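# Descriptive analysis of the structure
The chain contents come next:
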Amino acid sequence: MEALYFLTAVFREPFLIVLVGIGTFAGVYIGALPGISGTMAISLLVSLTFGWPVGQAMALMVGVFVGVVYGAARPAILLNIPGGPSAVATALDGYNLAKKGLAGKAMGVSAVSSFFGTMAGILALAIFAPPIAGIAMRFRSVDYLMLAFLGLAMAGSLGSKTMARGIIAGAIGLLIGTIGIDPQTAVRRFTFDIRQLNAGVDFIVAMVGLFGASEVLLQIADKKGKPIKQDVKKIVPPWREILKHFPLTIRSSIIGVMVGVLPGAGGDIAALLSYDQAKRSVKKPTAPFGEGAVEGIIAPETANSAAVGGAFIPMLTTGIPGDAVTAVLISAMFIHGLRPGPGFMAHTPQFFWLIIALLTLAAFFLLAAGLTGIKVFTKIVEIPKGILMPIVLVLSIIGALAMRNNVVDIVWMFGFGVIGYIFKRFDYPVAPIILGLILSNLFESNFRRAVMLDGSIPAIFTGILQSYISIFLFVMVVFLMFTQTDMYKRWRKKLDAKIQARHGSTK
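In this report, the structure presented in the accompanying data block is examined.

Cut-off values and rules
Residues numbered from 1 in each chain as written. Predicted model: local features only at pLDDT ≥ 70, side-chain atom pairs only at ≥ 80, totals over all residues. Heavy atoms only, no water. Helix = DSSP H or I, 4+ residues; strand = E, 2+ residues; numbered from the N terminus. Buried < 20%, exposed > 50% of the residue type's maximum accessible area, 1.4 Å probe, protein only. Contact = heavy atoms within 4.5 Å. Areas by Shrake-Rupley, 256 points an atom, 1.4 Å probe, with all protein chains shown as cover. Salt bridge = Lys/Arg side-chain N within 4 Å of Asp/Glu carboxyl O. Phe/Tyr/Trp six-rings, centres within 6.5 Å; stacked < 30°, edge-to-face > 60°. Lys NZ or Arg CZ within 6 Å of the ring centre and 35° of its normal. Axes fitted to C-alpha atoms, helices over the stretch in contact; angles between N-to-C directions. Left-handed = near helix turned anticlockwise from the far one by under 90°. Nonpolar A, V, L, I, M, F, W, Y, C, P; charged D, E, K, R; others polar. Patch = residues over 30% accessible without salt bridge, like charges linked within 9 Å, V, L, I, M, F, W, Y side chains within 5 Å. Parallel < 35°, antiparallel > 145°, perpendicular 65-115°, else oblique. Expected span 1.5 Å × (residues − 1). Bend = angle between axes of the 7 residues up to and from the residue.

## Brief notes about the overall build of the protein
- When its secondary structure is counted, the protein shows 24 helices and two strands.
- Across the 507 residues that make up the protein, the buried fraction comes to 55%.
- For the protein, contacts bridging at least 24 residues in sequence account for 79% of all contacts bridging at least 6.
- As presented, the protein carries roughly 22400 Å² of accessible surface, and 70% of it is formed by carbon and sulfur atoms.

Laid out in structure tokens, this is it:
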């Protein structure tokens, strides 16, 4: 009977449908602005909707949340500037498709993948919320530490042809993440007595510099490059292609939901993990990964959208936010008199099903918003470089300044732009640097917590063997590292050759 609230929650107040639509469309275009994060947008809405009825306030904020996650993919595809960290993996193949004149196809695939991912997250929230939240609550510090190691283990294959270069880039990201005042001991680290470094480096600033400013430098150096005419005749992917990649969509959705459930992980890590599993599991991609593979868009866009529903699971069932945006949403719910936690579904089932209904509406509005305006957006790529590159540079400056309103971040952004330019020139990947920055806090905080709880560093290794979760993650780390070695690649080639030979003989 409680599920009937899903049908009646919105239709009792049709104005909620309008608010969800406005929020979703606004979120798509807010997310397309580099540096304007979903957390910032929702935070502003909390103060704006303070006096609104709770249903109307949640409708607008849920719509913006869903729209922002997808919107970050548009500048990633068109300009190689991810609108947010969750679109870093999308830029690896999306921008290369744009350079081939297929930006319209890339954005169409992104919109459809985000729709399926969002729906998968909603389904998990509606059916599996309590048991999934129970699994997440069992995660200890050592389990989160192994999750961080798992993320670092995939750095070797993220946009890189060799494991060593990816790991070097990831280690640099980890090192940059430690700059600033130690949050536990208040000791300055790697600040060189420069006061402006005390606050550390924001990974949004680094992302804008490594992708945006470095791309400007590369385009300036490439004097022969000309604007590419985009093919926008086929935007919506055909059903045959959707069904072909549906197994990848399902796998990416599962990763997105499970990572989204973990507090502090979110869609950023989900997208990168999903991209890595796609790179390993898809045997015959439409193009090599990192050079315009459609699968390289489907996997991260499905995962980061599925993580939205996943993030709501711990928020509503335990009162623990799954990411930064749901942390703001919890504060908004408390302001309006709601109490997310273990008794939320039992005491206020109408609001639980209202949120599911709002998310479902937002998913369909997302599909509509994602498939509109593409022909206009693709014209950006066709603008001559002499006009486009200054615009990209201005957007990069705005994106760097928007996060903390700190002029020093602009200097950091240009510095990362130079680093990104050098890395790209010498064929080193820049995405693992962002991955290292994102994981640095997760890695450091849980490493310290594990040491304090277990008593010593050696005790951490024995603690791994005391949890099925840690053992599973440890095996995954070892497996991922092994699959990036030359020995595994040679063995895989021999195995594939034997399989092909057997198929040839049977025919």
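Moving on from the coordinates now.
## Quick look at the environment of Ile356
- Within the secondary structure, Ile356 is located in helix H17 (residues 349-370).
- Considered as a pair, Ile356 and Phe312 are 44 residues apart in the sequence and their alpha carbons are 9.6 Å apart.

## Notes on the pattern of salt bridges
- Under the criterion given, the structure shown has five salt bridges.
- Among the salt bridges present, the one from Asp182 reaches Arg448, with a minimum N-O distance of 2.4 Å. Here the residue Asp182 occupies a position in the loop between strand E1 (180-181) and strand E2 (188-189), and Arg448 occupies one in helix H21 (residues 431-454), the gap between them amounting to 266 residues.
- What makes Asp182 buried here is its relative accessible area of 4%.
- Assessed through its relative accessible area of 23%, Arg448 is described here as partly exposed.
- Note that Asp276 and Arg280 form a salt bridge whose closest N and O atoms lie 2.7 Å from each other. Here Arg280 and Asp276 lie together in helix H13 (residues 266-281), a separation of four residues that amounts to about one turn.
- Take Asp276: its relative accessible area is 4%, and that puts it in the buried class.
- On the basis of relative accessible area, Arg280 is assigned to the partly exposed category, the value being 26%.

## Details of the packing of aromatic side chains
- A complete count under the given rule lists ten aromatic pairs for this structure.
- Judged by centre distance (6.0 Å) and plane angle (35°), the rings of Phe65 and Phe312 are tilted. Of this pair, Phe65 sits in helix H4 (residues 54-71) while Phe312 sits in helix H14 (residues 295-317), and the two are 247 residues apart along the sequence. Each of the two residues, Phe65 as well as Phe312, counts as buried.
- Of the aromatic side chains, those joined through ring pairs into one cluster are Phe115, Phe116, Phe246 and Phe364.
- Between the NZ or CZ atom of Arg165 and the centre of the ring of Tyr428, over which it lies, the distance is 4.6 Å.

## Some points on unusual backbone geometry
- A positive phi angle, close to 55°, is found at Phe190, a residue other than glycine.
- Summarising the element assignment, Phe190 is placed in the loop between E2 and helix H10 (203-221).

## Description of the environment of Leu361
- Within the secondary structure, Leu361 is located in helix H17.
- C-alpha of Leu361 to C-alpha of Gly63: the two residues are 298 residues apart in sequence and 8.3 Å apart in space.

## Examining the packing of helix H12 (residues 246-261) against H13
- Where H12 meets H13, the axes come as close as 9 Å, and the angle between the chain directions of the two elements is 150°. For the pair H12 and H13, the sense of crossing is right-handed. In this structure, H12 contributes Leu248, Arg251, Ser252, Ile255, Gly256 and Val259 to the contact, and H13 contributes Gly266, Ile269, Ala270, Leu273, Ser274, Gln277, Ala278 and Ser281.
- Here the residues of the contact of H12 with H13 sort into seven nonpolar, six polar and one charged.

## Topic: a nonpolar patch on the surface
- A surface patch of nonpolar side chains, amounting to about 660 Å² of accessible area, comprises Leu465, Tyr468, Ile471, Phe474, Val475 and Val478.
- Note that Ile471 resides in helix H23 (residues 468-483).
- Given the relative accessible area of 31%, Ile471 is considered partly exposed.

## Brief notes about the side chain of Thr191
- Along the chain, Thr191 falls in the loop between E2 and H10.
- Assessed through its relative accessible area of 4%, Thr191 is described here as buried.
- Residues in contact with Thr191, not counting those within four places in the same chain, are Gly180, Leu197 and Asn198.

## Re the packing of H10 against helix H20 (residues 408-425)
- Packing of H10 against H20 brings their axes to within 6 Å, and their N-to-C directions diverge by 55°. One finds that H10 runs oblique with respect to H20. Of the two possible hands of crossing, H10 and H20 adopt the one that is right-handed. Note on element contacts: H20 touches H10 through Asp409, Trp412, Met413, Phe416, Gly417, Val418, Ile419, Gly420, Tyr421, Lys424 and Arg425, opposite Val205, Ala206, Val208, Gly209, Leu210, Phe211, Ala213, Ser214, Glu215, Leu217, Leu218 and Ala221.
- Of the residues belonging to the contact of H10 with H20, the class tally is 15 nonpolar, four polar and four charged.

## Here's the deal with H10
- In this model H10 runs 26 Å from its N-terminal to its C-terminal C-alpha over 19 residues, within 8% of the 27 Å that 1.5 Å per residue would give.
- Its maximal kink placed at Gly209, H10 deviates by approximately 30°.
- The buried count for H10 comes to 15 of 19 residues, which makes it a mostly enclosed element.

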